[in-house]
2 protein chains.
Amino acid sequence: MRGVDQIDFLELHPGAAPAKGVTAWLVDALRAAIADGRLAAGARLPATRALAADLGLSRGVVVEAYQRLTDEGLLSGRTGAGTVVTGLAAQPREPSRPREASAMRLPLPPSAGVDLDLSPGVPDLSAFPRAAWLRAERAVLATATNADLGYGDPRGNPRLRTELAGWLARTRGVQTGADDLIVVNGVAQALALLAQTARSQGVTEVAVEDPGSRGTRDELAHWGLQPVPVPVDGEGLRVDRLAATGLDSVLLTPAHQFPTGVVLSPARRRALLAWPGLIIEDDYDAEHRYDRAPVAALQASAPDRVAYTGSVSKSLAPGMRLGWLIAPRARHADLVTAKHASDLGNPALPQLIFAHLLAGGDYERHLRTVRRRQVRRRDALLHGLREHVPQARVEGVAAGLHLLITLPGPADDTELARRLEQDGVRVHPLSWHRQLDGPPGLVLGYAALPPDRLLEAARRMGRTLGAQRAR
Amino acid sequence: MRGVDQIDFLELHPGAAPAKGVTAWLVDALRAAIADGRLAAGARLPATRALAADLGLSRGVVVEAYQRLTDEGLLSGRTGAGTVVTGLAAQPREPSRPREASAMRLPLPPSAGVDLDLSPGVPDLSAFPRAAWLRAERAVLATATNADLGYGDPRGNPRLRTELAGWLARTRGVQTGADDLIVVNGVAQALALLAQTARSQGVTEVAVEDPGSRGTRDELAHWGLQPVPVPVDGEGLRVDRLAATGLDSVLLTPAHQFPTGVVLSPARRRALLAWPGLIIEDDYDAEHRYDRAPVAALQASAPDRVAYTGSVSKSLAPGMRLGWLIAPRARHADLVTAKHASDLGNPALPQLIFAHLLAGGDYERHLRTVRRRQVRRRDALLHGLREHVPQARVEGVAAGLHLLITLPGPADDTELARRLEQDGVRVHPLSWHRQLDGPPGLVLGYAALPPDRLLEAARRMGRTLGAQRAR
């Protein structure tokens, strides 16, 4: 057995250790020396008294450090034989490698070169009601019971479910009681739970709108549900084409179709409600109707065939990750089981805070404020487009946080978006959100930028799209 | 076409409507009448002017209500023909049925008849640092950027990942950088993500400790991973028996085995680290070691073979749903994809608040406080057990929020727990957490109750267990 008489080569400098952490520092230093082979298997460590004297530490620190490494299995000590490095070398973590370029993952992260981000789906984050949120948090922390902070009902806190059931009944006509509602981490989780339960029943395909949300399509595919495109026209989803697929479930955005902005027409609603399958209603931005009250949710007419989902992502902030799912009763129990198996339930405090904002009217006031602001922004963008991009046809302006422009003649909208991004403007090419062929277009989110910035975006778009036409 | 000349039978009383919501009230009332057949398909509604006069409403309200129901497809109107109920009847939601008794779902919800809940795994919720949390929230809301509230990195907020990586390195020896860490909704989600990615690679079984957490076992089974029991003895997991299974992954709780409380011995650690499979390390309560610093995480010795997970559920509150997952680099990208597909990422504000509590030392102070308190509670329970249940053998007292008692001779611990619950005391029978045969026992959580209540629980246990012996 080789002895380590000189520990100098380990370059231990306890002066560098934080005042109260010398034991942890010594443990880490010795573990690292074992990991990289400076202390090889079989090496005998100095006696605790000797090492303590060398390092100017109390002997207790060294004893404790040796003990911890013995507990970890890296050292072993027998009376008389001293403390020896075992055959087990701690492994250093592999050095970080550059990540492989992954498939596009929506929503896109912020980009350094972009100063005008018109990605659809992002609300005005500067409008987040920070003061009201903090007031609500104070009230919640003053009144929440201990049980509110414990393991709760996987469906979510009953106070929030009660407030939400009332709110959705009043504003969207949704037929639900608090017991039917599942609080989820945003619409993304609602779709994950629906996809998981569908897969467990052998379903492998679901009809989706085309064009329709690329992020949603990718998510369904991740969970093993193939998204089958059904065309959207000026009245919304082509229900005749849906029926022709023979599928038994469809996901759609009837109040304000993403990305075209079409509201599902009364005739199509009737046809869809007469269709016998499961309807998944993504009511992602219905709060943002500008000309009149939004059409009621489909769920209001067929609660036993519609799974209804929405969130605060477009009304407060996507970072809240707070949404709801109301499913036909026959599917409810399986979805609660899936939610429980996914994360046991949503975080408690944000639920209580949102319940407080709903009950006190703060949420409704906030929506009125942002709705007014968004109308001004939409109008600014429309004005800019008329002036700088007169050739574009604009659609979907009555509601929501985005509009769609389509362009005459052939054009590669992905290439257009790429060129706009070089000019500091981020938009989504319509083709990202298509599986079927169709005219080119650009999806423009306008909620997150003030009017003058939207005018500037339109100006740059005119420059790029004009140059495109001139070629 | 039948006309509805008298609308009286609908019993519309607009006085009952909220002052600003008469339109919504009228829409709901008419929709309900269509749903239950009082307004049949083909029925013609009164002219808007007539109904408005009857109800004492402005005509605009009735026009708007008819329009909304037309948008919903429930009415149709043609010039000259009046407004007619379409063939589509809105369906009322099925009446709620009593839920079927579901399989036991852990953690159990609070029970009405129980005044002494010793369920393991619940910390002292009265110790939740409400004031510090609110201070941190105020600081966060004053400084968070708008982008912090938007769609973020699916791994979590970079500030929290940086703070956590440092904290886990200091306190648990974990080898990680901020980029390797995924913020998750508690250990439950970490296990869900690990199970999903394992299943997608064709894995169908995973070794687990026996006894071991019933909730964890059920969750793995939900995700299609069969939990294969490997016995635990006084040194922890029997690694020889693990090797004999031929499986290539194991989930265990090395720092404080659940539910036995055993710390994995140095020899077993060495054997486990020499075993070639994937080690899933559930470090669920390592902060709560009472006699000395806890043994470092297994991950510290083998970062490329250990997936490490933990949470604040046992240190702050389970309702936070805030945890972390650090996986071997080769598995990292798949787990991030699974997290993104599950919910896009954790809620933003709690992450920023927890980062603030870590950075400012509040979290560490909180842990010191609760650790001292828990020692007193553990000691009170031990004292009570010695006095009232002297026949019990007590295990796992050096750490954690619970201890285990085993009982001499044959006994049905499920029946014992049932009788204790009748006496107002909830504990877990050890057999809930077993797949293999073994001696009966009871798992007692002591963190959530003050010393005098724990003494009372021991007194009642003595009564029930004594009566059991006397029979």
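Think of each chain on its own: its residues are numbered from 1, step by step along the sequence as written. Note on labels: chains are lettered from A, ligands numbered from 1, in written order. The predicted origin of the model limits local features to residues at a pLDDT of at least 70 and limits the giving and counting of side-chain atom pairs to 80 or more, whereas totals for whole chains, interfaces and linings rest on all residues. Processing note: side-chain calculations cover all non-hydrogen atoms of the structure and skip hydrogens and water entirely.

- The name an unreviewed UniProt entry gives chain A is GntR family transcriptional regulator, with Actinoplanes auranticolor as the organism.

## As for the overall build of chain A
Argument step 1. Scanning chain A from N- to C-terminus turns up 14 helices and 16 strands.
Argument step 2. The quantity called the radius of gyration is restricted to C-alpha atoms. Its globule counterpart is 2.2 Å times the number of residues to the power 0.38. Here the C-alpha atoms of chain A give a radius of gyration of 30 Å, more than 25% beyond the 23 Å that 2.2 N^0.38 yields for 471 residues.
Argument step 3. Overall, the C-alpha framework of chain A stretches about 90 × 60 × 45 Å when taken along its three principal axes.
Argument step 4. The buried share of chain A, reckoned over its 471 residues, is 59%.
Argument step 5. We call two residues contacting when some pair of their heavy atoms lies within 4.5 Å. Excluding contacts between residues fewer than 6 apart, the proportion of contacts in chain A whose partners are at least 24 apart in sequence is 74%.
Argument step 6. Here the open area of atoms and residues is found with the Shrake-Rupley method and a 1.4 Å probe, where only the protein chains shown may cover a residue. Of the roughly 18,100 Å² of accessible surface on chain A, 52% is carried by carbon and sulfur atoms.
Argument step 7. Averaging the coordinates of the 57 positive side-chain charges in chain A and doing the same for the 51 negative ones gives two points 3 Å apart. Secondary structure counts use DSSP, requiring at least four H or I residues in a row for a helix and at least two E residues in a row for a strand, with both numbered from the N terminus. Under the scheme applied here, a residue whose accessible area is under 20% of the maximum for its type counts as buried, over 50% as exposed, and between as partly exposed, the area being computed with a 1.4 Å probe on protein chains only. Under the counting rule used here, the positive set is Lys and Arg, the negative set is Asp and Glu, and His together with the chain ends is not counted. Note that the charge is assigned to NZ on lysines, CZ on arginines, CG on aspartates and CD on glutamates.

## Notes on the packing of aromatic side chains
All names here are of chain A.
Argument step 1. A pair of aromatic rings is counted whenever rings of Phe, Tyr or Trp (Trp by its six-membered ring) have centres within 6.5 Å, and the orientation is called stacked for planes under 30 degrees apart, edge-to-face for over 60 and tilted otherwise. Summed over the entire model, instances satisfying the criterion amount to 10 aromatic pairs over all chains.
Argument step 2. Relative to tyrosine 363, the ring of phenylalanine 354 lies with its centre 5.0 Å away and its plane at 85°, an arrangement referred to as edge-to-face.
Argument step 3. Among the residues examined, phenylalanine 354 registers a relative accessible area of 1% and is labelled buried.
Argument step 4. Members of the aromatic cluster, joined through ring pairs, are Trp167, Trp324, Phe354 and Tyr363.

## Examining the nonpolar core
Argument step 1. Counting residues in each nonpolar core, the largest one holds 75 residues, and the members touching the most others are A:Met320, A:Phe354, B:Met320 and B:Phe354.
Argument step 2. The residues contacting B:Phe354, other than those within four sequence positions of it, are B:Leu160, B:Leu164, B:Val312, B:Leu316, B:Leu322, B:Trp324 and B:Tyr363.
Argument step 3. We define a nonpolar core as any set of buried Ala, Val, Leu, Ile, Met, Phe, Trp, Tyr and Cys residues linked to one another through side-chain atoms lying within 4.5 Å. Among the nonpolar cores identified, the runner-up in size contains 52 residues, and A:Leu251, B:Ile182, B:Ala198 and B:Val203 belong to it.

## Focus on the interface of chain A and chain B
How large an interface is tends to be reported as the accessible area lost when its parts come together.
Argument step 1. Taken together, the contact pairs 102 residues of chain A with 102 residues of chain B.
Argument step 2. When chain A packs against chain B, the two sides together hide about 8,400 Å² of surface, and 54% of this comes from carbon and sulfur.
Argument step 3. The salt bridge definition used is simple: a Lys or Arg side-chain nitrogen within 4 Å of an Asp or Glu carboxyl oxygen. For the pair chain A and chain B, the interface holds 0 salt bridges.
Argument step 4. Pairs of N or O atoms are called polar contacts if they sit within 3.5 Å, as long as, within protein, a hydrogen donor faces a hydrogen acceptor (for residues adjacent in sequence, only side-chain-to-side-chain pairs). The interface formed by chain A and chain B includes 22 residue pairs in polar contact (both at pLDDT 80 or more).
Argument step 5. By residue number, the principal contributor to the side of chain A that touches chain B is helix α10 (residues 329–343) of chain A, which donates 9 residues. Here the buried area means the combined drop in accessible surface, using a 1.4 Å probe, for two parts upon being joined, counting both sides.

## Remarks on the relation of the copies chain A and chain B
Think of it as a corkscrew move, a rotation about one axis and a shift along it, taking one chain copy to the other.
Argument step 1. Our superposition of the copies is a least-squares fit, built on the C-alpha atoms of residues whose pLDDT is at least 70 in both. At an RMSD of 0.0 Å, chain A and chain B line up after a rotation of 180° and a shift of 0.0 Å along the axis. Here the symmetry operator amounts to a two-fold rotation axis.
Argument step 2. A high fraction, 100%, of the interface residues of chain A reappear at the interface in chain B, so the copies pair face to face through one surface.

## Quick word on the domain arrangement of chain A
Argument step 1. Those domain boundaries reflect an automatic or database domain assignment. Per the domain assignment, the segments of chain A are domain 1 (8–85), domain 2 (116–123 + 365–470) and domain 3 (131–360).
Argument step 2. Just the C-alpha atoms count here: the centres of domain 1 of chain A and domain 2 of chain A sit 63 Å apart.

## Quick look at the pairing of strand β11 (residues 323–326) of chain B
All names here are of chain B.
Argument step 1. Neither face of β11 is open: one carries Gly323 and Leu325, the other Trp324 and Ile326, and all of them are buried.
Argument step 2. Paired strands, as defined in this entry, are two strands with at least two bridges between them according to DSSP. Where strand β4 (residues 181–184) lies against β11, 4 bridges are found, and the strand directions are antiparallel. Note that in β11 the partner of valine 184 across the bridge is glycine 323.
Argument step 3. In this sheet, β11 lies alongside strand β10 (residues 306–311) in antiparallel orientation, the contact comprising 4 bridges. In the strand pairing of β11, tyrosine 308 is matched with isoleucine 326.

## Topic: helix α6 (residues 186–200) of chain B
Argument step 1. Multiply 1.5 Å by the residue count of a helix minus one, and that product is the helix's expected span. Between the first and last C-alpha of α6(B) there are 22 Å, a value that for 15 residues agrees with the 21 Å anticipated at 1.5 Å per step.
Argument step 2. Looking one or two residues beyond α6(B), the residue adopting positive phi is B:Gly202, at roughly 90°.

## Considerations on the sheet that holds strand β5 (residues 205–210) of chain A
All names here are of chain A.
Argument step 1. Taken in spatial order, the 8 strands make up an open sheet running β4-β11-β10-β9-β8-β5-β6-β7, and their pairing is mixed. One side of each edge strand has no neighbouring strand; the edge strands of this open sheet are β4 (181–184) and β7 (236–237).
Argument step 2. Pairing between strand β6 (residues 226–233) and β7: 2 bridges, direction antiparallel. Of the residues in β7, the one forming a bridge with valine 232 is leucine 237.

## Examining the pattern of salt bridges
Argument step 1. Enumeration according to the criterion identifies 56 salt bridges over all chains in this entry.
Argument step 2. One salt bridge connects A:Arg31 with A:Asp28, and the closest N-O pair in it is separated by 3.1 Å. Placement of both A:Arg31 and A:Asp28 in helix α1 (residues 22–35) is noted, with a separation of 3 residues, approximately one turn of the helix.
Argument step 3. A salt bridge links B:Arg378 to B:Asp379; its shortest N-O distance comes to 3.2 Å.
Argument step 4. Where salt bridges share partners, they join A:Asp115, A:Arg453, A:Glu456, A:Arg459 and A:Arg460 into one cluster.

## Remarks on the packing of helix α6 (residues 186–200) of chain A against helix α7 (residues 214–222) of chain A
The description of two packed helices rests on the angle between their axes and on the distance between the axes.
Residue and element names in this part refer to chain A.
Argument step 1. For helices, the axis comes from a line fit to the C-alpha atoms of the stretch in contact; other axes are also lines fit to C-alpha atoms, and the angle between any two N-to-C directions lies between 0 and 180 degrees. As a packed pair, α6 and α7 sit with axes 9 Å apart at the nearest point and diverge in direction by 35°. For α6 against α7, the interelement crossing comes out right-handed. Where α6 abuts α7, its residues Ala188, Leu191, Ala192 and Ala195 lie against Thr216, Glu219 and Leu220.
Argument step 2. Any residue outside Ala, Val, Leu, Ile, Met, Phe, Trp, Tyr, Cys, Pro, Asp, Glu, Lys and Arg is labelled polar, Gly included; the first ten of those are nonpolar and the last four are charged. For the contact of α6 with α7, the per-class residue count stands at 5 nonpolar, 1 polar and 1 charged. Helix crossings get a hand from a simple test, with the near helix turned counterclockwise from the far one by less than a right angle marking a left-handed crossing and a clockwise turn marking a right-handed one.

## Notes on the sheet that holds β10(B)
Residues and elements named next belong to chain B.
Argument step 1. Read from one edge to the other, the open sheet built from 8 strands follows the order β4-β11-β10-β9-β8-β5-β6-β7, with strand pairing classed as mixed. Edge positions in the sheet fall to β4 and β7 (236–237), since each has one partner strand and no second.
Argument step 2. Strand contacts of helix α5 (residues 158–172): β4, β10 and β11, with the helix running at about 105° to β4, the strand carrying the most contacts.

## A few points about helix α5 (residues 158–172) of chain A
Residues and elements named next belong to chain A.
Argument step 1. Its 15 residues place the ends of α5 20 Å apart at the C-alpha level, agreeing with the 21 Å of an ideal helix rising 1.5 Å per residue.
Argument step 2. Along α5, the residues classified as buried are Leu160, Arg161, Leu164, Ala165, Trp167, Leu168 and Arg172.
Argument step 3. Of the surrounding secondary structure, the elements contacted by the buried residues of α5 are β4, β10 (306–311), β11 (323–326), α11 (348–360) and α12 (362–388).
Argument step 4. Where α5 terminates, the next one or two residues include glycine 173, which has phi positive at roughly 70°.

## Here's the deal with the environment of B:Leu273
Argument step 1. On the secondary structure map, B:Leu273 appears in helix α9 (residues 266–274).
Argument step 2. Given the relative accessible area of 6%, B:Leu273 is considered buried.
Argument step 3. Put simply, B:Leu273 and B:Leu149 are 124 residues apart on the chain and 41 Å apart in space, counted from C-alpha to C-alpha.
Argument step 4. The contacts of B:Leu273, once residues within four sequence positions are left out, are A:Glu72, A:Leu88, B:Ile279, B:Leu298, B:Ser301, B:Ala302 and B:Arg305.

## Concerning the packing of α6(A) against α10(A)
Residue and element names in this part refer to chain A.
Argument step 1. Where α6 meets α10, the axes come as close as 9 Å, and the angle between the chain directions of the two elements is 115°. With respect to the hand of their crossing, α6 and α10 are arranged in right-handed fashion. Between α6 and α10, the residues in contact are Gln189, Leu193, Leu194, Gln196 and Thr197 and Asp334, Leu335, Ala338, Lys339, Ser342 and Asp343, respectively.
Argument step 2. Among the residues making up the contact of α6 with α10, the classes are represented as 4 nonpolar, 4 polar and 3 charged.

## What to know about unusual backbone geometry
Argument step 1. Residue A:Pro211 is bonded to the preceding A:Asp210 through a cis peptide linkage, with omega at 0°.
Argument step 2. Cis peptide bonds are those with omega within 30 degrees of zero, and the linkage from A:Phe258 to A:Pro259 qualifies with 5°.
Argument step 3. Its place among the elements puts A:Pro259 in the loop between β8 (249–252) and α9 (266–274).
Argument step 4. Even without being glycine, B:Arg321 reaches a positive phi, approximately 50°.
Argument step 5. Along the chain, B:Arg321 turns up in the loop between β10 and β11.

## Examining the environment of B:Glu395
Residues and elements named next belong to chain B.
Argument step 1. Turning to its location among the elements, glutamate 395 is positioned in strand β12 (residues 393–395).
Argument step 2. Relative accessible area serves as the criterion here: at 18%, glutamate 395 is assigned to the buried category.
Argument step 3. The spatial distance from the C-alpha of glutamate 395 to the C-alpha of alanine 136 is 38 Å, given a sequence separation of 259 residues.

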